[in-house]
Every structure is written in structure tokens, then in C-alpha cells.
Amino acid sequence: MSTQPHTDDQTSGNATTTASLHRLTLPGPMLQRGFWLYVWRVQTPKGERLYVGRTGDSSSPHATAPYTRMGQHLGFSKAQNSLRRLLTEAGVKPESCGHFDLFSYGPIFPEIGMTKEQLRADQMLLHTPVRDQMAALERKLRDALVEAGHPVLNVVHSKKQYDAAQWEAVRNAFAEHFSGLGRIES
């Protein structure tokens, strides 16, 4: 993301003189629905903060794409904007942050597609075990980042067990961008 300040001395009406052009580049694969893990790295006025999350709803048989969660996390819907809420609770106005980086890994599992013959309850029976595996990996990733010395805003509550081979793949993927993570064992 880059910023190019553009000031205009000839403002009309209520136009601002501090408008600037910004660019966001989104990789096409981030549009794919499925079960993903992601880490937000936020440069705040108080220093770097992380947020760990996953796709794969707890209340429905859906697993959305990371780009969808991106907007929800920074939006104003109280049911979906946990990153905005946690930053605000930490005394940080999200709009005052230098930048937000989103690292996403997946899809680890595809979304469980619902067929016309399936009832929602039947779909949830297929979705829930995968969602639970993802919750366990999300917790392990969050805890490993904290153990590696990173300031993580959120706590992940899951008592589910993670798969060691899946954890190794997750750890290796994120270790490239988060120092110390590669030394955290299963």
C-alpha cells in the first residue's frame, strides 16, 4: 500500500485539503472461499500489534474468503469488527494507524458446499469438525506468536486438538514473516 499526498489549494464546498491517493493490491487467490488462517500486522502509534483469525463460521456452514473478513474486521458491525474493537479498547484509533498488513494462508480446507438436497443441520455436521480443526490451529498460531514475543491483541479460546502436520505447514508459512515463529515446536 502506498500513499501519495495530493493537496489542492482551490477547495470548494466542504472538500478537504489533505486528500491523498492510496493503493491496495489484493492477490486473486485471496478471493477463494474456504478455511483460511490469517494474521493482521498493524503498525499503530503505540507500536506493532497482531491479530490472529480464521475463516469458517461458528454459527453457519460457510467459510468465506480472507478478503471478506478484511473489510468486516475494520468495519462498524459490532458482530464482525473484532480488530477495530480491540484496537479501540487498546486506545488506538484505527484511522491513526500507519498501515495494516494481512497475511493469509489457505485455503487449508475447501468450503463444505451445500447441495439442494442437504438440510442446514446436515451441512453443519460436515462443517463443524473442519471448523474445530481450524479453531485449534488458530489458537496454536496465536499462542506461538505470543511465545515468539509478538504483541497479539486477541485471545483464541479453543480446546480442540490440532493436527501436528497441519501445524508444521502453518508455522512454516507464517515464519517467513514473523520472527521467532520457526523455532516454536508442536
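A short tour of the structure in this document, coming up.

Cut-off values and rules
Residues numbered from 1 in each chain as written. Predicted model: local features only at pLDDT ≥ 70, side-chain atom pairs only at ≥ 80, totals over all residues. Heavy atoms only, no water. Helix = DSSP H or I, 4+ residues; strand = E, 2+ residues; numbered from the N terminus. Buried < 20%, exposed > 50% of the residue type's maximum accessible area, 1.4 Å probe, protein only. Contact = heavy atoms within 4.5 Å. Areas by Shrake-Rupley, 256 points an atom, 1.4 Å probe, with all protein chains shown as cover. Patch = residues over 30% accessible without salt bridge, like charges linked within 9 Å, V, L, I, M, F, W, Y side chains within 5 Å. Salt bridge = Lys/Arg side-chain N within 4 Å of Asp/Glu carboxyl O. Phe/Tyr/Trp six-rings, centres within 6.5 Å; stacked < 30°, edge-to-face > 60°. Pairing = 2+ DSSP bridges. Core = buried A, V, L, I, M, F, W, Y, C linked by side-chain atoms within 4.5 Å. Axes fitted to C-alpha atoms, helices over the stretch in contact; angles between N-to-C directions.

## Topic: the overall build of the chain
A tally of helices and strands in the chain yields 4 helices and 5 strands. Each helix and strand of the chain, placed in order from N terminus to C terminus, yields the pattern β-β-β-β-α-α-β-α-α. Counting every position in the chain, which comprises 186 residues, the buried fraction comes to 39%. Long-range contacts, defined as pairs at least 24 residues apart, comprise 64% of the intrachain contacts of the chain with a sequence gap of at least 6. Within the structure as shown, the chain displays about 10700 Å² of accessible surface, and the carbon and sulfur contribution to it stands at 52%.

## Structural notes on a nonpolar patch on the surface
Taken together, the side chains of L26, L31 and Y67 define a hydrophobic patch exposed on the protein surface, amounting to about 260 Å² of accessible area. Assignment of secondary structure puts L31 in the loop between β2 (20–23) and β3 (35–44). Overall, the relative accessible area of 47% leaves L31 in the partly exposed class.

## Quick word on the packing of aromatic side chains
Each aromatic ring pair is characterised by the separation of its centres together with the angle its planes make. Summed over all chains, the structure comprises 6 aromatic pairs. Summarising the aromatic geometry, the rings of W40 and F100 are spaced 6.0 Å apart at their centres and angled 90° between planes, so their arrangement reads as edge-to-face. Linking W40 in strand β3 with F100 in strand β5 (residues 99–109), this pair joins segments that are 60 residues apart in sequence. On the accessibility criterion, W40 (2% relative accessible area) is buried. Classification of F100 as partly exposed rests on a relative accessible area of 23%. Residues Y162 and W167 carry aromatic rings whose centres are separated by 6.5 Å and whose planes lie at 65° to one another, so their mutual orientation is edge-to-face.

## Examining unusual backbone geometry
Residue P107 follows G106 across a cis peptide bond; omega there is -5°. Mapped onto the elements, P107 comes out in strand β5.

## Side note on the side chain of S82
Mapped onto the elements of the fold, S82 is located in helix α2 (residues 82–89). We classify S82 as buried; its relative accessible area is 14%. Setting aside anything within four residues of it in sequence, one finds S82 in contact with Y51, R69 and H73.

## Considerations on the pairing of strand β4 (residues 47–54)
The sheet contact formed by β3 and β4 spans 8 bridges and is antiparallel. Following the sheet pairing, L37 is matched in β4 by R54.

## Some remarks on the nonpolar core
Ranked by internal contacts, the top residues of the largest apolar core, which has 22 residues, are V39, L141, L145, W167, F174, F178 and L181. Where this core is concerned, the elements lending two or more residues are β3, β4, β5, α3 (120–147) and α4 (164–175). Broken down by element, this core gets its largest block of residues, 6 residues, from α3. Excluding its chain neighbours within four sequence positions, the residues that come into contact with L141 are L37, V39, V52, W167, V170, F174 and L181.

## Re the environment of L26
Within the secondary structure, L26 sits in the loop between β2 and β3. A relative accessible area of 33% places L26 in the partly exposed class. If near-sequence neighbours (up to four positions away) are discounted, L26 is found in contact with L31, Y67 and M70.

## With respect to the sheet that holds β5
Strand order in the open sheet formed by 3 strands is β4-β3-β5, and the pairing between neighbours is antiparallel. Each edge of the open sheet is held by one strand with a lone partner, namely β4 and β5. Adjacent strand axes in the sheet meet at a mean angle of 15° when their direction is disregarded. Set on the sheet, α3 makes contact with β3, β4 and β5; between it and β3 the angle comes to about 30°. Contacts from α4 reach β3 and β5, with the element oriented near 150° to β5.

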